[in-house]
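Overview (structure and organization)
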Amino acid sequence: MVNTGGGLSEKWVLTGLDKHISVLYKNGNLRGEEENYFQIDTKGLKSGEEYTKSLIIKGESGSEASVIIKYQIEEL
């Protein structure tokens, strides 16, 4: 996620999370480039099945971006 607003900050919020995906930040105040890490909890997910999740990042100015996470659980 990158703020290209000429140095101004923008408040943002992340939506679309579920019990299997957790993130470091669910909202914030973006002043420049920012990294946000996610983690997947595989408990309760079926092996061999593919999962797709779309996360939406909304800025207070009306800007919006989406991140699509696709993953498949494999047994070791």
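This is a predicted model, so every value here is computed, not measured.

**Re the overall build of the chain**
- What the chain contains, in helices and strands, is zero helices and six strands.
- For the chain, the N- to C-terminal ordering of α and β elements is β-β-β-β-β-β.
- Here the contacts in the chain between residues at least 6 apart in sequence split such that 43% fall between residues at least 24 apart.
- Accessible surface for the chain amounts to roughly 5800 Å². Of this, 48% is attributable to carbon and sulfur atoms.

**Here we look at the environment of Tyr 71**
- Here Tyr 71 is to be found in strand β6 (residues 64-72).
- Remark: the alpha-carbon pair of Tyr 71 and Tyr 51, spanning 20 residues in sequence, is separated by 5.3 Å.
- Every residue in contact with Tyr 71, bar those within four places of it in the chain, is listed here: His 20, Ile 21, Ile 40, Leu 45, Glu 49, Glu 50 and Tyr 51.

**Description of the side chain of His 20**
- When you line up the elements, His 20 lands in the loop between β1 (10-15) and β2 (21-23).
- Not counting residues within four places of it along the chain, the set of residues in contact with His 20 comprises Gln 39, Ile 40, Asp 41, Lys 43, Leu 45 and Tyr 71.

**Observations concerning the pairing of β6**
- With nine bridges joining them, strand β5 (residues 50-59) and β6 adopt antiparallel strand pairing. Looking at the pairing, Tyr 51 lines up with Tyr 71 of β6.

**Observations concerning the nonpolar core**
- Core analysis: the biggest nonpolar cluster contains 12 residues, these being Trp 12, Leu 14, Ile 21, Val 23, Leu 30, Leu 45, Tyr 51, Leu 55, Ile 57, Ile 69, Tyr 71 and Ile 73.
- Elements with a contribution of two residues or more to this core: β1, β2, β5 and β6.
- The leading source of residues in this core is β5, at three residues.

**Some details on the sheet that holds β5**
- Within the open sheet, the four strands sit side by side as β3-β1-β5-β6. Their pairing is antiparallel. Two strands lie at the open edges of the sheet, namely β3 (27-30) and β6, each paired on one side alone. Averaged over all pairs of adjacent strands, the angle between strand axes in this sheet comes to 25 degrees, irrespective of strand direction.

How each quantity is defined
Residues numbered from 1 in each chain as written. Predicted model: local features only at pLDDT ≥ 70, side-chain atom pairs only at ≥ 80, totals over all residues. Heavy atoms only, no water. Helix = DSSP H or I, 4+ residues; strand = E, 2+ residues; numbered from the N terminus. Contact = heavy atoms within 4.5 Å. Areas by Shrake-Rupley, 256 points an atom, 1.4 Å probe, with all protein chains shown as cover. Pairing = 2+ DSSP bridges. Core = buried A, V, L, I, M, F, W, Y, C linked by side-chain atoms within 4.5 Å. Buried < 20%, exposed > 50% of the residue type's maximum accessible area, 1.4 Å probe, protein only. Axes fitted to C-alpha atoms, helices over the stretch in contact; angles between N-to-C directions.

Taken by themselves, the reported measurements are silent on function.
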